[in-house]
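Tertiary structure, described
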Amino acid sequence: MTNESPSPDQSEPAEQQAARTPAEDQGQGLRILVAEDEALIRLDLAEMLTEAGHEVVAQAADGEQAVEKARELQPDLVVLDIKMPVMDGLTAAEILGRERVAPVVMLTAFSDRTLVDRAREAGVMAYVVKPFTAADILPAIDIARPRWQEFQALQEEISDLNERFETRKRLDRAKGLLMQQLKISEAEAFRWIQKTAMDRRLSMREVADRVISEMPAKKK
């Protein structure tokens, strides 16, 4: 399989290119919506993002307002606090994910495992525990976009929710093996799987299963 599969540095498929925003194509920052009910934290976060080269297109103080603004402005990414008035962040994230508006990075004061699982089920792509710095939030944003693109590709390929969840688990395992063996990033590993699936007329799950069976993890 290794000899026949495409190199991870080959050009990415059309679907992946289409999933990128114009800002990403031009190497610019993302258009981000920030939702946090504590004004000081919200302003600090907006400042961090702006200094990092991103554009804060809107700010919201509750989940309902965040959903409305996200629908209107179609940002590249939404940062949501988990506990907000009117509508909490998990509910807002679930709506944005279901409507495929934008990826969500969740802010939380808790690192409870149950909360993390609920956030994942709600479609959250990454989460950051308070108090946070730019060194915490910026990597989470970098992770969220590729995961969102992967999630969108899976939605196109698989309609059944349970099947999509199982496929996602296998893709995560296959990506880990590719990252370990080929010394590539998570996004490059996903593009490798996606392009191989297109070139061989296979599903991404079939490619992931082949990677898992033919590329065992290196022994430590």
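Parameters at a glance
Residues numbered from 1 in each chain as written. Predicted model: local features only at pLDDT ≥ 70, side-chain atom pairs only at ≥ 80, totals over all residues. Heavy atoms only, no water. Core = buried A, V, L, I, M, F, W, Y, C linked by side-chain atoms within 4.5 Å. Buried < 20%, exposed > 50% of the residue type's maximum accessible area, 1.4 Å probe, protein only. Helix = DSSP H or I, 4+ residues; strand = E, 2+ residues; numbered from the N terminus. Contact = heavy atoms within 4.5 Å. Pairing = 2+ DSSP bridges. Axes fitted to C-alpha atoms, helices over the stretch in contact; angles between N-to-C directions.

**Remarks on the nonpolar core**
By size, the foremost hydrophobic cluster in this structure holds 25 residues, and its most contacted members are Val78, Leu80 and Leu96. Broken down by secondary-structure element, the contributors of at least two residues to this core are strand E1 (31-35), strand E2 (55-60), helix H4 (63-73), strand E3 (77-81), helix H5 (89-98), strand E4 (104-108) and helix H6 (113-121). It is H5 that contributes the most residues to this core, five residues altogether. For Val78, the contacting residues outside a window of four places in its chain are Leu33, Ala70, Leu96, Ala102, Pro103, Val104 and Val105. Leu45, Leu49, Phe132 and Ile137 belong to the second-largest nonpolar core, a separate cluster that totals 19 residues.

**Things to note about the sheet that holds E4**
In spatial order, the strands read E2-E1-E3-E4-E5; together these five strands make up an open sheet with parallel pairing. At either end of the open sheet lies a strand with only one pairing partner, and these are E2 and strand E5 (124-129). Averaged over all adjacent pairs, the angle separating strand axes in this sheet is 20°, with direction ignored. Sheet topology note: the E1/E3 ladder contains four bridges and is parallel. Each residue of the ladder has a partner; that of Ala35, found in E3, is Leu80. Seen against the sheet, H5 touches E3, E4 and E5 and runs at an angle of roughly 160° to E3.

**Re the side chain of Lys130**
Considering the arrangement of structural elements, one finds Lys130 in the loop between E5 and helix H7 (134-157). Sequence-distant contacts of Lys130, that is, excluding residues within four places in its chain, are made with Glu36, Ile41, Asp81, Leu107, Thr108 and Ala109.

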